[in-house]
Amino acid sequence: MEKKILDIRSLKKYYGKGENITKAVDGISFYVLEGEFVGIMGPSGSGKTTLLNCISSMIRPTEGEIFLEGENIAAFNEKKQMEYRGSKMGYLFQDFKLLDNLTGLENIMMPAAIHGMKEKESRKRIEKLTGFLGIRRILNKYPSQMSGGEKQRIAAARALLLDPAVILADEPTGALDTKNARHLMDELSALNKEMNRTILMVTHNPDAAAYCSRILFLKDGTIFHELRRREETETQSDFYARIADVMAQLGGGASNVL
Amino acid sequence: MFFDLVRKNGRRTRKENGIFFVSLIISVAAFYIFLSLENQDVIIFLKTMESDAVQKLLMLLPAFYMVSLFLLFFLVWFSGVYQLERRKYELGVYLMLGMKRSRLFLLLLAEDLWNSLTALAVGIPVAVFLSEMISLITSKIVGLGIIGHHFSFSLQAVVLTAIGFAGMKLCAFGILSGRMARREILYYFQDSEEVEEKRRSTVFAIIRILAGVLLLGAAYALAISGRAWAGLGMMSRTVILGIAGVFLIFSAIDTALGGIWRRNRGRLGIFTFRQLTEQVSRQWKSLAVTSLLFLAAFCCLAYGISAAHSLGGSGTAHSADFTFREGEDSPEGELEQTLTKTGAGENLQEPYEVRMGLLYTQSIPTDDPDTVREFYYDQLTEAAESLEDETERTGLTQALRYYDDPYLINLSGYNGIRKAMGEEPVELASDMVMIYRGPQTVYEGEISAWEKILARDLSVEIDGKNYRVGSQVCNDPLVADRLITISEGLIVPDEVFDSLVGDHATSYWNVMLNKDLVEKDGMMQAVYQTNRLLQDSGLDYESYLQSMGRQLFYIVAASYLTIYIAVILLVIANTVISVQFLMHQRKTSGRCRILALLGAGYDALCESARSQVRWYFLVPLAAAVVNSIFGLPSLLTGLWSGAAEDRTALFLTGMVVIAVLFVIEYVYMKAVVRLNNTHLLHTVRQMEEAQERL
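Residues numbered from 1 in each chain as written. Chains lettered and ligands numbered in written order. Predicted model: local features only at pLDDT ≥ 70, side-chain atom pairs only at ≥ 80, totals over all residues.

### A short note on the overall build of chain B
Within chain B one finds 26 helices and ten strands. Counting only residues that meet the buried cut, chain B has 41% of its 694 residues in that class. Long-range pairs, those at least 24 residues apart, make up 85% of the contacts in chain B with a sequence separation of at least 6. (Helix = DSSP H or I, 4+ residues; strand = E, 2+ residues; numbered from the N terminus. Buried ≥ 20, exposed ≤ 12 C-beta atoms within 10 Å, placed from the backbone. Contact = placed C-beta atoms within 7 Å.)

### Structural notes on the overall build of chain A
The number of helices and strands found in chain A is nine helices and ten strands. The C-alpha radius of gyration computed for chain A amounts to 18 Å, which stays within 12% of the reference 18 Å derived for 258 residues, consistent with globular compactness. Dimensions of chain A, computed from C-alpha atoms along their principal axes, come out at roughly 50 × 45 × 40 Å. Counting all 258 residues of chain A, 50% fall into the buried class. Restricting the contact set of chain A to residue pairs at least 6 apart, pairs at least 24 apart contribute 70%. (Rg over C-alpha atoms; globule rule 2.2 N^0.38 Å.)

### A few points about helix α23 (residues 589-597) of chain B
Residue and element names in this part refer to chain B. Within α23, seven of the nine residues are buried, which leaves it mostly tucked inside the rest of the structure. Residues of α23 that are buried include every one of R591, C592, R593, I594, L595, A596 and L597, and no others. After α23 finishes, the residue G599 shows a positive phi value of roughly 105°.

### A short note on the interface of chain A and chain B
Across the boundary between the two partners, chain A contributes 23 residues, which contact 22 residues of chain B. Where the side of chain A that touches chain B is concerned, the elements lending two or more residues are α2 (78-84) and α3 (104-114) of chain A. Among the residues making up the side of chain A that touches chain B, the classes are represented as eleven nonpolar, six polar and six charged. (Nonpolar A, V, L, I, M, F, W, Y, C, P; charged D, E, K, R; others polar.)

### Concerning the sheet that holds strand β4 (residues 63-68) of chain A
Residue and element names in this part refer to chain A. Within the open sheet, the four strands sit side by side as β2-β1-β4-β5. Their pairing is antiparallel. Edge positions in the open sheet fall to β2 (22-33) and β5 (71-72), since each of these has one partner strand only. The sheet contact formed by strand β1 (residues 4-15) and β4 spans five bridges and is antiparallel. From the neighbouring strand, I8 faces β4, where its bridge partner is I66. (Pairing = 2+ DSSP bridges.)

### Some remarks on the packing of helix α2 (residues 18-35) of chain B against helix α4 (residues 51-86) of chain B
Residues and elements named next belong to chain B. Between α2 and α4, whose axes approach to 11 Å, the crossing angle comes to 175°. On the basis of their axis angle, the class for α2 and α4 is roughly antiparallel. Facing F20, S23, S27, F31, F34 and L35 of α2, the residues of α4 in contact are L61, F64, Y65, S68, L72, L75 and S79. (Axes fitted to C-alpha atoms, helices over the stretch in contact; angles between N-to-C directions. Parallel < 35°, antiparallel > 145°, perpendicular 65-115°, else oblique.)

### Re helix α5 (residues 148-160) of chain A
All names here are of chain A. Taking 1.5 Å per residue, 13 residues should reach 18 Å; α5 reaches 18 Å between its end C-alpha atoms and fits that length. In terms of residue burial, α5 counts as a mostly covered element, since twelve of its 13 residues are buried. Residues of α5 that are buried: G149, E150, K151, Q152, R153, I154, A155, A156, A157, R158, A159 and L160. On its buried face, α5 sits against β6 (89-93), α3, α4 (119-133), β7 (166-170) and α6 (178-194). (Expected span 1.5 Å × (residues − 1).)

### Looking at the nonpolar core
All names here are of chain B. By size, the foremost hydrophobic cluster in this structure holds 260 residues, and its most contacted members are V28, A297, F298 and L569. A total of 22 residues in this core trace back to one element, the largest contributor, which is helix α22 (residues 544-587). Leaving out residues up to four positions away in the same chain, F298 has contacts with A624, S628, V657, I658 and L661. (Core = buried A, V, L, I, M, F, W, Y, C linked by C-beta atoms within 7 Å.)

### Details of the pairing of β7 of chain A
Residues and elements named next belong to chain A. For β7, the buried fraction is high: five of the five residues fall into the buried class. Neither face of β7 is left uncovered, since the one carrying V166, L168 and D170 and the one carrying I167 and A169 both have all their residues buried. With five bridges joining them, β6 and β7 adopt parallel strand pairing. What sits directly across from Y91, in β7, is L168.

### Description of the environment of L170 of chain B
Residues and elements named next belong to chain B. Within the secondary structure, L170 is located in helix α7 (residues 155-181). Taking the number of C-beta atoms within 10 Å as the measure of exposure, L170 has 15 and is therefore partly exposed. In this structure, the C-alpha to C-alpha distance between L170 and D112, residues 58 residues apart in sequence, is 9.0 Å.

Put into structure tokens, the structure is as follows:
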């Protein structure tokens, strides 16, 4: 049986009190297996980002459990959460979140410094990662001297450095043009397939979502639908067509609802 | 509603921005103390005897007031920039909600005025208290006593302080508002500015540092050698050289220190290094200015405190507290009678008479040929010319040039002086004289030169008669007032004095204060009381204190002014540096959020910020300390005319001042760290809120 990397049980995140309560996430349960590439889609306000923020320990859920490799991170104290951030979970953001006053290499090395990894070991890993992502020539550049695609690849290398159990990606292609977005998704897909990385990605872009092996559709804080790609038989464009169908059912047109 | 908002925001600003609020209070206090100088006991006292000089000092106050206001402008400006930067998001929201810019700025202005009023309300009582304390302490130190102290409150000083403050605030606020008004609304919502990292050439940086060190070295060489003090032109050139040197060094200091910062092994070492490099390379101009301000403050404080320190030495040995000059035809015993009549006699000891008169020689034209005496002192000149040491030879030969017509002083009078000073009387045979040199005109090493030649049994000739010259040189002050001095004289036995000077002699009656009174009330107070009794007596007299008063005045003026300037400079330098640091931290708080996301805890972020604060303060401070090692000797060369021991004392005071200033800086750094930690805690703990904004 495949190992459950993430196991979310009855997760709730409510804002406000009494009559003014807003249920951003309202009892979501799902799991992510090792080596899976799971996408989360849904209209604005459906709770995608809140769900991801709960999983990434940026906000505390109101109720429920989040098991990462068998440990309930929702119950962690702040110190323990800090240890998990960046080491057990890698992040990719729409706006890259690179430190603009550090070079590419320094940005990638930052989690290693924070979590106390030996420099020799981190150098070895960087060598491998930068080769895989094709970013060696930009390592000494500052973010302001890089293109959007380059920035996201530096961010990807940073996310992968400590060999996290799962990569959480929040609209990673959101700030990229079509060509660079496709390029990045190819690389994420390769990471998933060739290096067996587990990825959980929030996106509104069906193009990007078509790279996933499974997609959860959220509506009003609950899971509304789930799509699983038929690995053996289904092409990426067929999967894209099915995604587009669900989106149409969700609200009558992709451009309108997502 | 409007006023509620004003009050609430005002309170929040004071709480979040305590460091500037305290700076503002210190400035208010310094302003009041300075403006109410007139009411200080020591100034009131000096006014009674040195009214002209005090008046001149008080006339200088408006100029200092203007200069202080100008400096204060920067304090207000920097804290204003910080305030607006900190609140720009909130201001942007007001604008987005449709608040007119004019109304928004009215709101800010009202808040600012409210805070200024609070600063005044806290600052003025503190200032009044400090002013009284300074007044009492100074009185005590100078020996004025604190019995006659009256509580004083200067409404004029309060009004001037308030007007100055309000004026500066309005002025700075107007310019800041103008700048803000021109911004697009989007600016208010931009979190961090675009960073363009420039790679600088290391070689070029080294060249700049070397050039800076050379320029600075040249400036100090000019200042310490004394050439800089030759004239305004030379001084300006030295100052420009020095400032240019400091600026050149600071323009490359990030490269110079980068090597040290890079070695930082903390968890966020590389981040700390980059933050520091970025901040220092961007703010090098203000860091250079801050360093110069620190230096100026160091020097002012060291000078002011050692000047104040020398106040304690006002009771030095002297021969008379009062000297009465007897009118030519005043009847004998009149002095005693008047003293008893005015009641001053009770304060005084027995008077003793000192007589002196010019020896009229051929060199002085006179109507009465009978009084002309022949005076030859060739043996003295020859002996001086035969001295081996060149400095001694030229010095003494020069001094002897003016011996053509010396003053004669009677022996019994001079012995009276010696007795009053607690010294052994001088003995002279009837064919002997002694050399007298006024204490203020004697140069270093002169007495030993005299003693060398006088050991040879020399003599002088007066009216054809030879007098042996005693081997001792006398140089005790003859009268109470130090400014009436006789530089060249001969002490002669009384009968010789009578025969040579006779009717031309001037009599001075010296008198000391009762020891009990001095012990009880202090020297200054005793003289002050006696002075008051003697004011209307019609007697012609001088008091020791009058000459002391003159010196005291210079010292008080120098120490008050320099300490005042130092305090203002320190407050401004610290505010500038704190504001810049905090602004940079705020602008780059997004980076801390990213680090927190990557797992850096609050502790690690605080540790990095602490290290940044330390370096950011240390760079200008250390530069100023290194500069002051040369700066203080330069100041000594140019401004200090005192004795060598005083110079050492001044230098030691300088070192103590630097140590004290480090403590002050430590307190400031702590305050900045605390303020920044609160901000970091907000950034890290409220990830929820932060995340929504990201």
